[in-house]
Number of protein chains: 2
Amino acid sequence: MPAIAYLECPRCHAHISAQSPQTVCSECTDQPAGSLFVRYDLSHLHGTEAREAIARDAGTAWRGMWRYHSVLPDVVPVTLGEGWTPMLQSKRYPGVVVKEEGANPTGTFKARGLAMAVTMAQHYGLKKLAVPSAGNAAGALAAYAAAAGIEAHIFMPHDVPFANYVEAIAYGANVTLVDGLISDCARIVNERKQQEGWFDISTLKEPFRIEGKKTMGYELVEQLGWEYPDAVFYPTGGGVGMIGMWKAFEELEELGWVKGKRPKMIAIQAADCAPVARAFDQGEAVSQMWQDAHTFASGLRVPKPYGDALILEIVRASGGVALALTTTRSSLLSRIGAATRACCFRPKARRPRQPTIICWRRGL
Amino acid sequence: MPAIAYLECPRCHAHISAQSPQTVCSECTDQPAGSLFVRYDLSHLHGTEAREAIARDAGTAWRGMWRYHSVLPDVVPVTLGEGWTPMLQSKRYPGVVVKEEGANPTGTFKARGLAMAVTMAQHYGLKKLAVPSAGNAAGALAAYAAAAGIEAHIFMPHDVPFANYVEAIAYGANVTLVDGLISDCARIVNERKQQEGWFDISTLKEPFRIEGKKTMGYELVEQLGWEYPDAVFYPTGGGVGMIGMWKAFEELEELGWVKGKRPKMIAIQAADCAPVARAFDQGEAVSQMWQDAHTFASGLRVPKPYGDALILEIVRASGGVALALTTTRSSLLSRIGAATRACCFRPKARRPRQPTIICWRRGL
């Protein structure tokens, strides 16, 4: 595992030390301050030999996302078996593969980010973590905090799926249900954290949830034979998965580990909570707060993501698009599926390039 | 993948062809008829070279339990990403590892058996499958049947966990809730199957659910570096997992792929439904129907498992024991955990050999 060289702000390009725990960029003069990215010196890993070592070292053991330890911080993992999820071939659309992120601990891709963030919290000796959650992050934080023996303080909208609430409680977290949206929960965490001694482990407000989620990008490329897909359809609430995958693609190119053209990134939002899709359509650099946000896909009910500027940049740079989808089909599975699935087109020329759909998250 | 040589009855030792779909042994003169085991000619796979090919061929792809295709029937899999689940090191008991079977599709180890059984049903061209289920098998059959485009007819006790019911319905299965136990559900399937044209895919009433579950035994051994653990604690309802792992151990020895002494097999049952533990204590060869069976661990509520004789044979041959455990601790997680977890002791002499506990099934 490499040592962290520094944390970098994508807005003001400041370099900040990772010796002590960091939140957002402390050097930004404009608000909101930039989310920090972890940077390493990866030069010794350049080329296919270091790449081939990944599968060889994983060997017969089960290492999950930590098979990429060579491009993750050099610390002792807090792990519950996250990552290295199946890639399933679509039957209906042969050109499409589905990354089944529901196979993660606590049933969602949130496990990746929180495994990494709680690992670093343990490394830094933090004792109390706080987070707002639209559902799935709550269960994941509660599980990893329990595994690390760290307190979790969680604020969720009162109408989150009951399973997420029960899960967080069962893992021993301190859960408060809030009469409002995730943005209201975030405000409460922000108001109380200093007095309570909580470290704010919210999406994009510390550097390591992105770092965990970047492993989706590594896996997706490795599982396609170290080739890019043509496109990635990504259900976008907070958007950290997309930001993490994009970071992975940058690193993979720096490392010389990937072939082909970077995929189009397609952000999928629910029609009744689509701030990023609206900003994309209007050519704006950031989103505006979505009024009266609602969707069956609770994880996508984020009325103004903190990373909106980054998401919009990535979608545009990739030649992709941000889409607001309605859930018009009547069956339960279609409703569940429409806004919570993602897909990527395979680059094999001999296969038809048709879209199909893959779950990034189960149970939304 | 090898061709199936024949199906073998462990009771009367008859050899039966696998050219057409089979249920239980048709040659047994005593009732109940023996459950059939799949036999292959594995002689060409003997030795460590064929063994090392498994990890090498899996390479950078995600193959799940089908990484063992060399010891599974030579047919096209119906897969949703089952198997190759994490092995987690216990923190509390360093000598113990946990096989997290909850990472399987539909959240339980039932996925392995039903992936294989539905794969064979597709191979044979069967159109209608029926099963009684105490909970988890219902969701798994419904999912794999949907993936294969086959009808599923499921009979469950009326008080199964609601999640299992919803899951089966959502995947499009025909679900009937029965005012009784799984044994009553089994009776209904048995009474109606001929008239309805259902193939009975019940536990141990066809040969391939065992065959899928044997992959747990292969994984457990491979993930411990092709060495046996000292013991396997296995939550025992129908007991197919234990029977499947024991079959894997026989094959692994025939193949020369494993080192060490076969593990003690510890069958764990819930105190208020413990027919196998009672028969073990009383020195009986088979169990008696447990009256007024109840337990929070719905998957273990099997008042007389069809495979009781096989389970008791395995437990005794291994030098193990069958235990009835009460759930005395008060927290929700303890209650969930007590009867639904399993563990194995690692053979490393440098580590203390203490028991810890691993989930075979999540969410029971």
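Quick caveat, the model's predicted, so the values are computed rather than measured. (Residues numbered from 1 in each chain as written. Chains lettered and ligands numbered in written order. Predicted model: local features only at pLDDT ≥ 70, side-chain atom pairs only at ≥ 80, totals over all residues. Heavy atoms only, no water.)

### Details of the overall build of chain A
Then comes step 1: Each helix and strand counted, chain A has 10 helices and 15 strands in total.
Then comes step 2: By sequence separation, contacts in chain A at least 24 residues apart represent 69% of the contacts at least 6 residues apart. (Helix = DSSP H or I, 4+ residues; strand = E, 2+ residues; numbered from the N terminus. Contact = heavy atoms within 4.5 Å.)

### Observations concerning the packing of aromatic side chains
All names here are of chain B.
Then comes step 1: Taken as a whole and assessed by the stated rule, the structure comprises 18 aromatic pairs over all chains.
Then comes step 2: Residues Phe109 and Tyr234 carry aromatic rings whose centres are separated by 6.2 Å and whose planes lie at 70° to one another, so their mutual orientation is edge-to-face. Residue Phe109 is located in the loop between strand E5 (96–99) and helix H2 (110–124), and its partner Tyr234 is located in strand E10 (residues 231–235); the two are separated by 125 residues in the primary sequence.
Then comes step 3: On the basis of relative accessible area, Phe109 is assigned to the buried category, the value being 1%.
Then comes step 4: When its relative accessible area of 0% is taken as the criterion, Tyr234 is described as buried.
Then comes step 5: When the centroid spacing of 6.4 Å and the interplanar angle of 55° are considered together, the rings of Tyr124 and Phe208 count as tilted. Remark: Phe208 occurs in helix H6 (residues 208–223) and Tyr124 occurs in helix H2; sequence separation between them is 84 residues. (Phe/Tyr/Trp six-rings, centres within 6.5 Å; stacked < 30°, edge-to-face > 60°. Buried < 20%, exposed > 50% of the residue type's maximum accessible area, 1.4 Å probe, protein only.)

### Some thoughts on the interface of chain B and chain A
Then comes step 1: Contacts between the two partners involve 28 residues from chain B, matched on the other side by 28 residues from chain A.
Then comes step 2: Counting each side, the surface lost to burial between chain B and chain A is near 2,100 Å², with a carbon and sulfur contribution of 58%.
Then comes step 3: At the surface where chain B touches chain A, the tally comes to zero salt bridges.
Then comes step 4: Taken together, the connections running from chain B to chain A amount to two residue pairs in polar contact (both at pLDDT 80 or more).
Then comes step 5: Sorting the residues of the side of chain B that touches chain A by element identifies strand E4 (87–89), H6 and helix H10 (332–338) of chain B as the ones contributing at least two each.
Then comes step 6: Residue composition of the side of chain B that touches chain A, grouped by class: 16 nonpolar, eight polar and four charged. (Buried area = accessible area lost by both parts, 1.4 Å probe. Salt bridge = Lys/Arg side-chain N within 4 Å of Asp/Glu carboxyl O. Polar contact = N/O pair within 3.5 Å; in protein donor to acceptor, adjacent residues only side chain to side chain. Nonpolar A, V, L, I, M, F, W, Y, C, P; charged D, E, K, R; others polar.)

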